[in-house]
Amino acid sequence: MLVSVIVPCFHSEESLDDVVRLTQVEFEKSAVYDCEFILVNDNPPDKTYDKICELASAYPNVHGVCLMRNFGQHSALMCALNYAEGDLVLCMDDDLQTHPSQIPLLLSAMESGEYDVVYGVFEERPSLSPLKRFSSWLNKVTGNILLEQPADMKTSSFWMCTSQIKNQMIKFHNYNPFVDALFTRMTTRIGNVTVKHHQREHGSSGYTLRKLINLWLSYFNYTKLPLRMVFWMGMFFVVVGFVAGIVVIIQKMTDPLMPAGWASIICLLLFFFGVVLFALGMIGEYVGNIVLSVNSTPQYVVRDRVNFPVGTEKNDTQHPEKDN
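Residues numbered from 1 in each chain as written. Predicted model: local features only at pLDDT ≥ 70, side-chain atom pairs only at ≥ 80, totals over all residues. Heavy atoms only, no water.

## Overview of the nonpolar core
Link 1 in the chain: In terms of nonpolar packing, the biggest core is built from 34 residues, with Val-5, Leu-39 and Leu-90 touching the most fellow members.
Link 2 in the chain: By residue number, the principal contributor to this core is helix α4 (residues 103–111), which donates 5 residues.
Link 3 in the chain: Setting aside residues no more than four positions away along its own chain, Leu-39 makes contact with Val-7, Cys-9, Val-20, Ile-52, Leu-55, Val-62, His-63, Gly-64 and Val-65.
Link 4 in the chain: Core analysis: the next-biggest nonpolar cluster, separate from the first, contains 33 residues, Ala-80, Leu-81, Val-89 and Val-117 among them. (Core = buried A, V, L, I, M, F, W, Y, C linked by side-chain atoms within 4.5 Å. Buried < 20%, exposed > 50% of the residue type's maximum accessible area, 1.4 Å probe, protein only. Helix = DSSP H or I, 4+ residues; strand = E, 2+ residues; numbered from the N terminus. Contact = heavy atoms within 4.5 Å.)

## Observations concerning the pattern of salt bridges
Link 1 in the chain: Throughout the structure, instances matching the rule amount to 4 salt bridges.
Link 2 in the chain: Its salt-bridge partner being Arg-21, residue Asp-18 comes within 3.0 Å of it at the nearest N-O pair. Here Arg-21 and Asp-18 lie together in helix α1 (residues 16–28), a separation of 3 residues that amounts to about one turn.
Link 3 in the chain: Between Glu-54 and Lys-51 there is a salt bridge, with the nearest N and O atoms lying 3.2 Å from each other. A residue pair is termed a helical-turn pair when its members lie 3 or 4 positions apart in one helix, as Glu-54 and Lys-51 do in helix α2 (residues 48–58) at 3 residues.
Link 4 in the chain: Overall, Glu-54 belongs to the partly exposed group, its relative accessible area being 45%.
Link 5 in the chain: Where salt bridges share partners, they join Asp-17, Lys-51 and Glu-54 into one cluster. (Salt bridge = Lys/Arg side-chain N within 4 Å of Asp/Glu carboxyl O.)

## Describing the side chain of Lys-51
Link 1 in the chain: Residue Lys-51 is classed as buried on the basis of its relative accessible area of 13%.
Link 2 in the chain: Here Lys-51 is in contact with Glu-13, Leu-16 and Asp-17, once residues within four sequence places are set aside.

Honestly, that's just the spatial picture; any functional story needs more than this.
Okay, structure coming up:
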């Protein structure tokens, strides 16, 4: 069986040698599995793509793709999925935190036939900054609520899926993909296996606060629950306002000398205008996503490819108008 190892690459020129070499070693131990690599350069300001080209020259099963600009990790993953030809698809990071030595654990879980997708998750996370700890917590809570993920489901950037799942995922052409959400749309047969965490050997994480927020906002592409919550919130305040109005009228009729509360009115106005602005912001997020999709904002655009057979140019651009 062929396993397509897809790796989104950003500032990884120092680590890619070890990623490819150690992964090759793991697959050479197996008489059942072979592997290919799809290394996608997400346009970092370094020589990562030069390293990919060097590896493609050294290994016939290493294929490289260079994007025209930085489209983000999940768009790079979608690009790699479009080039993957394996019976199974394995996603790994480029920094060796998701270590090749843990690949047999994912393969073993897939061999059971119980799962379409398997995540490798860390039993004990290393010491994290408050920002990363908060973003991990927020990702889990919002994923469970907005994406209707099972409460016991854990996600990571170290996962394996079947070619059947991959073939369905590449039909999604929206400019702002989120791989974990696509998995939950397609199957409930999602499993977790515990893997050992390895320290990052080179560089640091490329996720800034802005990128983490943008990643979180991509949840809105996959659920209408926030709009439904705003609707019921509005209905609740309409009822509260109606009942409060009746109470005020009755009090005024029974006690004509009851003073009007200017301060309370201002507080109510501030509160309700805040709710209105929150709702408008929520709706605006959806409208903005619609506008960008209608304008055919590309999911990714390929600048260059290396070590691919002739005839794969059809995957070089992915945008919504391909659905028409």
